[in-house]
Each structure stands twice: as structure tokens, then as C-alpha cells.
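Letter by letter, the chains look like this.
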Amino acid sequence: MTTTPLQDAARVGLGTFLAGAGLSHLTVARRGFRAQVPDFVPLEVDRTVVLSGVAEIALGTALAALPSQRRRVGTLAALFFTAVFPGNVAQWRHRRDGLGLNSDRTRFLRLFAQPVPIAVALWSTGVVPRR
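Because the structure is predicted, anything quoted here is derived from the model rather than measured.

Enquirer: I'd like a rundown of helix 7 (residues 115–124), residues and numbers included.
Expert: Restricting attention to buried positions, one finds in helix 7 the residues P117, A121 and S124. One side of helix 7 carries all its buried residues, which in axial view fall inside an arc of 90 degrees. Buried residues along helix 7 sit in contact with helix 1 (5–26), helix 4 (70–83) and helix 6 (104–113).

Enquirer: So what about the packing of aromatic side chains? Which residues, and what values?
Expert: Counted under the stated rule, the structure contains three aromatic pairs. Their ring planes at 50 degrees and their centres at 5.5 Å tell us that W92 and F108 sit as a pair that is tilted. Here W92, found in helix 5 (residues 85–93), pairs with F108, found in helix 6; they are 16 residues apart in sequence, far enough to count as distant. Each residue in the set W92, F108 and F112 is aromatic and connected to the rest through ring pairs, giving one cluster.

Enquirer: Just give me the short version of the pattern of salt bridges, but keep the residues and values in it.
Expert: According to the stated counting rule, one finds seven salt bridges in the structure shown. Of the charged contacts, one joins D104 and R95 as a salt bridge, the two residues approaching to 2.6 Å between their closest N and O atoms. A residue is classified by how much of its surface remains accessible, and D104, at 31% relative accessible area, is partly exposed. The exposure class assigned to R95 is exposed, which follows from its relative accessible area of 56%.

Conventions adopted
- Residues numbered from 1 in each chain as written.
- Predicted model: local features only at pLDDT ≥ 70, side-chain atom pairs only at ≥ 80, totals over all residues.
- Heavy atoms only, no water.
- Buried < 20%, exposed > 50% of the residue type's maximum accessible area, 1.4 Å probe, protein only.
- Helix = DSSP H or I, 4+ residues; strand = E, 2+ residues; numbered from the N terminus.
- Arc of directions from axis to C-beta.
- Contact = heavy atoms within 4.5 Å.
- Phe/Tyr/Trp six-rings, centres within 6.5 Å; stacked < 30°, edge-to-face > 60°.
- Salt bridge = Lys/Arg side-chain N within 4 Å of Asp/Glu carboxyl O.

Here's what the structure looks like:
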């Protein structure tokens, strides 16, 4: 299945955003991302932030630079966005400030934003067929 120019632009945009977020895990926002690591993750918190940042850089780069693998990478990106959702829940539940989420309201509303990148990853890569 081919994708439209709008889907391609969304895929590249999502990839660029994801790679940028991954870089921020390793640099300027590293401390803020620590607030999202759930207690049940068996790795040290900072290691988890670094590894998730590396994963985001790899996924983002692949989304933007490997159009021939777009459906495979789109599926992986959607799975990644789903896998990190418990971190958003943990941040809200434990009232951890980070990344500008410094109130119960903003942390709670963030939970409802998570389906957006999942949907964009699936739609922009043609995983979800057009009608």
C-alpha cells in the first residue's frame, strides 16, 4: 500500500519529533524524563531514561529515513508509544513533576494525549489502511 504525501509528511514529522525527544532524554530533559519511569522497571532510573532515549532516536531516524520499511517501523513506534504509557500513569499517580507536567491536572490530561502518537505512527506509515 502506498501512502499519500500528507502521510509521508506526518511520518517524517513524527520521526523528527521522536528523534529530537530521544536526544533530549540524553541531554537537556534527562532529569524530567526520570519522573516518568515507573517503580516496577527493573533497571536503574537513569539507565532507563538513556535506553528509552536511544530507542526513540533509532525509531525516529528509521521513520524519517527508511520509507521502504515504514509499516514495520510504524508498528514498532506504535508499540513503543504503548509501552511507555505506564510511565505516564506512574507520573500522574505518584504526583511526580517533570517535563512541564507539574500539576495533577496536567499529568492527568497527558494520559489522554498518548493515543495521538500511536494513531499518527499507524496512519502515517500505512499500517492502518485508508478508506
